[in-house]
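# Summary of structural features
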Amino acid sequence: MSTMAVPDVAVAQVDEGFWTRTRKIGAVLLALGVLAAVLFGALATDQQARFTLSETEGGAALEIHGTVGAILFGVIAAAAGAALMAGVPKRWFTVLLGVGLVAFVLSFLCWQVSAAPEGRNFMPLVNIVRGTFILALPLIFGALAGVLCERSGVVNVAIEGQLLMGAFSGALFGSLSGSVWVGLVAAAIGGAFISLLLAVFAIRYLVDQVVMGIVLNLLAVGITGFLYERLMQTNAEKYNSAPRFSNWEIPLLRDIPVLGPALFRSNIFLYLGLLLVLVIHIALFRTRWGLRTRAVGEHPTAADTLGVKVLGLRYRNVLLAGVVAGIGGASYTLALYSFTKNMIGGKGFIALAALIFGRWSPTGALLAALFFGFADQLGTYLGAIGSSIPSQFLAMLPYLATMLAVAGLVGKVRAPAADGKPYIKG
Amino acid sequence: MNVLYGLYQPDEGEILVDGKPLKLRGPSDAIAAGIGMVHQHFMLVPVFTVAENVMLGAEQVKGGIAGILDRRRARREVAEVSERYNLRVDPDAVIEDLPVGIQQRVEIVKALTRDVDLLILDEPTAVLTPQETEELLTVMRSLKAAGKSIVFITHKLGEVKAIADRITVIRRGKTVGTASPTASRDELAAKMVGRSVRLTVEKPPATPGRPILEVAGLVVDDDRQIRAVDGVDLTVRAGEVLGVAGVQGNGQTELIEAIMGLRPVLAGTVTLDGQPVHGWSTKKVLRAGVGYVPEDRSVDGLVKEFSVAENLVLDIYDRPPFGKGLSLKPDAIAKSAQERIEQFDVRTPSADAAVGTLSGGNQQKVIVARELSRPLKLFIAAQPTRGVDVGSIEFIHSRVIRERDEGTAVMVVSSELDEVINLADRIAVMYRGRVIGIVGPDTPREEIGLLMAGITPDAATEAAAPAADAATPAPEGPGSEDEA
């Protein structure tokens, strides 16, 4: 009953003065651009920076002189920042910010690639794009699980545990049955098991949802770690040798330059993840289920007075979230690696950040996940070309990006109003 | 009423609709039986559009099992109903951008699109300006003309008399009688309380003395850092009651909290008896001789789990005779509690009962007793009688006036215009963080109502069309807590 619809009749708008949010961001971007042009320009060499459109050094490529490129893109970033500061129409904000950030990254890359040793001074875009998506995939599934849960008003901090449980049961039952499909179903059930615990304790017993989520993460680490040591380590042949989904090539789409080889010769999980983003987005904003889910997440009492079964809907959504995250976990063990202890390694929490960064929307979460995936991939790539930046800093890149994104760029994100609040009738 | 709408299950008894007994397992059963309800706190999702709110729970869908929403049809339905009953609601507006009066009409549209025959309105006028109330009564008349039945729950006698065909009085969960709309106010009030009640406070003319509270150029933000008080100047003199009227959310809350040191003062001054007090801690302000009844007793005024006796010394527990050094003096606390329970007519099983178990009126009397037990220069009462029964209102009002007559400066902030008119010697009307006008208590209600809506007298002279049935001050009746 706390969310009354009593609006403030008397809100006088605050006059922010000259330094609006747009201007502040513009100023930061301008400074970054100038820094890039000067610093990266000075550090870059006069070698060509090659961005090849394939997986190797050869083939068609975009080339630019290292120093020129670093300065040029730095100036572009600075120009975008200056435009934001000069005060452009609101709808240009996102575009200019995007252009500015991309230009900054390109300036940085011009320096790095041109300064790389001979023979490694190229960037294979296909690999970068593919790596970005692969690294983003668990984040996509995890963030979608977050969307399903939190849009109905249940905070899901247990994404990490759901992913881990999915990865584990996928590996275990995939190995035992020798079938990827059995593994996939088992992974979904494994994720749903963690969800079920979350749902029962959060919805039925009103336990604090954040605390419950953390406890469930620890539980998942404990259970899977114990069984891993007992079963998988002693008899990996039997328990930890799940079959893997092979790559499916999609006709026509696979022939698109760069994107084709990067994305459309991939395994089922990538297709499933992208499809789910689309399906959940449409379902959330266009269907009866979506309307009710959002209503329950915003104002459960209102939904209840109109005959919507609040608790039932929350149970269903939380379970569904577990299924989605479980499948996400299986994208590791049924496609890439065999199971290892605590193999999710914090991706569930980055997925949570992607959920917030993506403003609780499926497509937003996808973009956020790709952003983090790119930061991750970039770190790997720079390590591979022998960058002068210490590898520890490169390993920090995705987490740094997470922090900056969630803290700085987001601005005013608004969680569903009833997120984390148990619903007690009457 | 929540039983009637299927939200609560009855322990005993039955509900008949069109002569047939009805078992309601939930709100959807009630809707199916043709019962609709407009809740006191609106049941609208703030971030949804009007159409989305209206269709929620009864969505028209296309596309088979996928259940794609048919938004066009929902919009058309809203437009149709809105047109038919002259409700003027835009289907595409987002709820949180709409004023309260319109939100209420959305609630009515919501019920009407579900084809209800019986509409329950639970305290619908509590959040409305007098003008919006007039409009609501007009809507209700047109619904009646269209053959709908309406149950109108209110504690405002003037509204009951203006609109009702039959009146049922409920007290403490029981029907205590029926009345016709021609019954006098005193008759109705007596039924509501169970004894005869004096509806207007008898007060001798005020004899204002020196200024006690002076507020100048005060600027305060609300919790969201949005300007709430925007340059307020006020003076309250010893021995007078300054009433502060205004629709809820026009800066009254923030104004008082700033005076009490609960909220930072961004600009301007607050002076108490010649001494600047802005920037002081709340404790220091209280010690300087300020009594404070906060507007929401369940949040700010009481510790619900504490006993009545403990709540009565929350302000001075650390001073003799109640505390010395690190220890409390339970005997002194108990003795003084007993005295004040009698003095202030607090109906409690004992001084040790948890305050949360008392009725709203008695909880409020505990606060008033505590605050008035200190020697005061200034007494600030915010919504002193919200959710309080008529008997307690009478008592609290008389204590406020007695305090004034003893030479205290009193400031009463209330969203109940009747209460302000009843108590105040001067009325300051707040609108959008400013004092839009200061008028005498004899000013016609319409004029004050227009001020509350932001229309100043110059602009209002043409607009004010006096409505006869609302012209006299009407007191409040039992709060919703006693009726639910």
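All values reported here derive from a predicted model rather than from experimental measurement.

The next thing to look at is the overall build of chain B. Looking only at helices and strands, one finds 18 helices and 21 strands in chain B. Relative to the globule expectation of 23 Å for 484 residues, the C-alpha radius of gyration of chain B, 24 Å, shows essentially globular dimensions. Principal axes of the C-alpha set define a box for chain B whose edges measure 75 × 55 × 50 Å. When burial is assessed residue by residue, chain B has 52% of its 484 residues classed as buried. A sequence separation of at least 24 residues applies to 67% of the contacts in chain B between residues at least 6 apart. When the 56 basic and 70 acidic side-chain charges of chain B are each reduced to a single mean position, those positions are 2 Å apart.

Between chain B and chain A, the contact holds 45 residues from the first and 32 residues from the second. Buried area between chain B and chain A, both sides added, is near 3400 Å², and the carbon and sulfur share of it is 64%. Among the residues of chain B in contact with chain A, Met43(B), Phe48(B) and Leu56(B) are the three that bury the most area, contributing 16% of the side total. The tally of links from chain B across to chain A stands at two salt bridges. Residues Glu52(B) and Arg294(A) are paired through a salt bridge, measuring 3.7 Å at the closest nitrogen-oxygen approach. Taken together, the connections running from chain B to chain A amount to six residue pairs in polar contact (both at pLDDT 80 or more).

Residues and elements named next belong to chain B. In terms of domains, chain B is made up of domain 1 (15-154) and domain 2 (211-289 + 375-461). Every contact between the two is made by four residues of domain 1 and, on the other side, seven residues of domain 2. With both chains or domains summed, domain 1 and domain 2 bury close to 460 Å², and 65% of this area falls on carbon and sulfur atoms. Counting across the interface, domain 1 meets domain 2 through zero salt bridges. Counting the contacts that link domain 1 with domain 2 gives zero residue pairs in polar contact (both at pLDDT 80 or more).

All names here are of chain B. Running from N to C, helix α3 (residues 71-84) and helix α4 (residues 100-113) cross one another at 105°; their axes reach a closest spacing of 10 Å. Classified by the angle their axes make, α3 and α4 are roughly perpendicular. Contacts between α3 and α4 involve Glu77, Val78 and Val81 on the former and, on the latter, Val109, Leu112 and Thr113. For the contact of α3 with α4, a count of residues per class yields four nonpolar, one polar and one charged.

Glancing now at the domain arrangement of chain A. Residues and elements named next belong to chain A. For chain A, the domain assignment lists domain 1 (21-115) and domain 2 (126-406). Inter-centroid distance (C-alpha atoms) of domain 1 to domain 2 is 32 Å. Counting residues at the interface gives nine residues for domain 1 and 12 residues for domain 2. Summing the contributions of domain 1 and of domain 2, the shared interface buries around 830 Å²; its carbon and sulfur component is 64%. In terms of surface lost to domain 2, no three residues of domain 1 exceed Leu53, Glu55 and Gln112, which account for 51% of the buried area on that side. The interface formed by domain 1 and domain 2 includes one salt bridge. Between Glu55 and Arg130 there is a salt bridge whose closest N-O contact spans 3.2 Å.

All names here are of chain B. If you walk across this open sheet you meet the six strands as β15-β18-β19-β12-β20-β21, and the pairing is mixed. Either end of the sheet is taken by a strand with one partner, and the two such strands are β15 (290-293) and β21 (434-439). Strand-to-strand twist across the sheet, computed as the mean angle between neighbouring axes with direction ignored, equals 15°. Sheet topology note: the strand β18 (residues 378-382)/strand β19 (residues 409-413) ladder contains five bridges and is parallel. The residue bridging Ile380 from the neighbouring strand is Met411, located in β19. Along the sheet face, helix α13 (residues 360-372) touches β15 and β18 and points at about 175° away from the line of β15.

With that out of the way, let us pick up the sheet that holds strand β6 (residues 118-122) of chain B. Residues and elements named next belong to chain B. Pairing in this open sheet of three strands is parallel, and the strands run β3-β6-β7 from one edge to the other. With one partner strand each, in any of the chains shown, β3 (35-38) and β7 (149-153) form the two edges of the open sheet. Pairwise comparison of adjacent strand axes, ignoring direction, gives a mean angle of 15° for this sheet. Each of β3 and β6 touches α4; the most contacted strand, β3, lies at about 170° to it.

This part is about the packing of helix α5 (residues 159-177) of chain A against helix α14 (residues 347-357) of chain A. Residues and elements named next belong to chain A. Running from amino to carboxyl end, α5 crosses α14 at an angle of 130°, the nearest separation of the two axes being 7 Å. Here α5 is positioned oblique relative to α14, judged by the angle of their axes. Considering how the two elements wind past one another, α5 and α14 form a crossing that is right-handed. Side by side, α5 and α14 meet where Ile159, Glu160 and Leu163 of the first sit next to Lys347, Gly348, Phe349, Ala351 and Leu352 of the second. A breakdown of the residues in the contact of α5 with α14 according to their chemical character gives five nonpolar, one polar and two charged.

We now examine the pattern of salt bridges. All told, the structure shown has 32 salt bridges over all chains when counted by the stated rule. Among the salt bridges present, the one from Glu249(A) reaches Arg254(A), with a minimum N-O distance of 3.0 Å. Exposure remark for Glu249(A): the relative accessible area of 45% places this residue in the partly exposed category. A relative accessible area of 30% means that Arg254(A) is categorised as partly exposed. As a salt-bridge pair, Lys365(B) and Asp345(B) come within 3.6 Å of each other at their nearest N and O atoms. In this pair, Lys365(B) sits in helix α13 while Asp345(B) sits in the loop between α12 (330-343) and α13, placing the two residues 20 residues apart along the sequence. Overall, Asp345(B) belongs to the partly exposed group, its relative accessible area being 29%. Three or more residues are tied together by salt bridges with common partners; here these are Lys203(B), Arg404(B), Asp405(B) and Asp425(B).

As a rule of thumb, soluble globular proteins bury nonpolar side chains together. Counting residues in hydrophobic clusters, the biggest one holds 82 residues, and the most contacted among them are Ile140(A), Met232(A), Phe269(A), Phe339(A) and Phe372(A). Top contributing element to this core by residue count: helix α4 (residues 125-151) of chain A, with 14 residues. When residues no more than four places from it in sequence are discounted, the contact partners of Phe372(A) are Leu139(A), Ile350(A), Ala353(A), Ala354(A), Phe357(A), Pro398(A), Ala401(A), Thr402(A) and Ala405(A). Ranked by size, the runner-up nonpolar core spans 47 residues in total, among them Leu302(B), Ala309(B), Ile396(B) and Ile421(B).

What follows covers the confidence of the model for chain A. On average, chain A scores 88 in pLDDT, and the residues at 70 or more come to 95%. Long-range and interchain partners of residues 1-15 of chain A, a stretch whose pLDDT sits below 50, account for 30 contacts in this model, where long-range means more than four residues apart.

Reading guide: rules and limits
- Residues numbered from 1 in each chain as written.
- Chains lettered and ligands numbered in written order.
- Predicted model: local features only at pLDDT ≥ 70, side-chain atom pairs only at ≥ 80, totals over all residues.
- Heavy atoms only, no water.
- Helix = DSSP H or I, 4+ residues; strand = E, 2+ residues; numbered from the N terminus.
- Rg over C-alpha atoms; globule rule 2.2 N^0.38 Å.
- Buried < 20%, exposed > 50% of the residue type's maximum accessible area, 1.4 Å probe, protein only.
- Contact = heavy atoms within 4.5 Å.
- Lys, Arg positive; Asp, Glu negative; His and termini not counted.
- Charge placed at Lys NZ, Arg CZ, Asp CG, Glu CD.
- Buried area = accessible area lost by both parts, 1.4 Å probe.
- Salt bridge = Lys/Arg side-chain N within 4 Å of Asp/Glu carboxyl O.
- Polar contact = N/O pair within 3.5 Å; in protein donor to acceptor, adjacent residues only side chain to side chain.
- Domains from an automatic or database assignment.
- Axes fitted to C-alpha atoms, helices over the stretch in contact; angles between N-to-C directions.
- Parallel < 35°, antiparallel > 145°, perpendicular 65-115°, else oblique.
- Nonpolar A, V, L, I, M, F, W, Y, C, P; charged D, E, K, R; others polar.
- Pairing = 2+ DSSP bridges.
- Left-handed = near helix turned anticlockwise from the far one by under 90°.
- Core = buried A, V, L, I, M, F, W, Y, C linked by side-chain atoms within 4.5 Å.
- pLDDT = per-residue confidence, 0-100.

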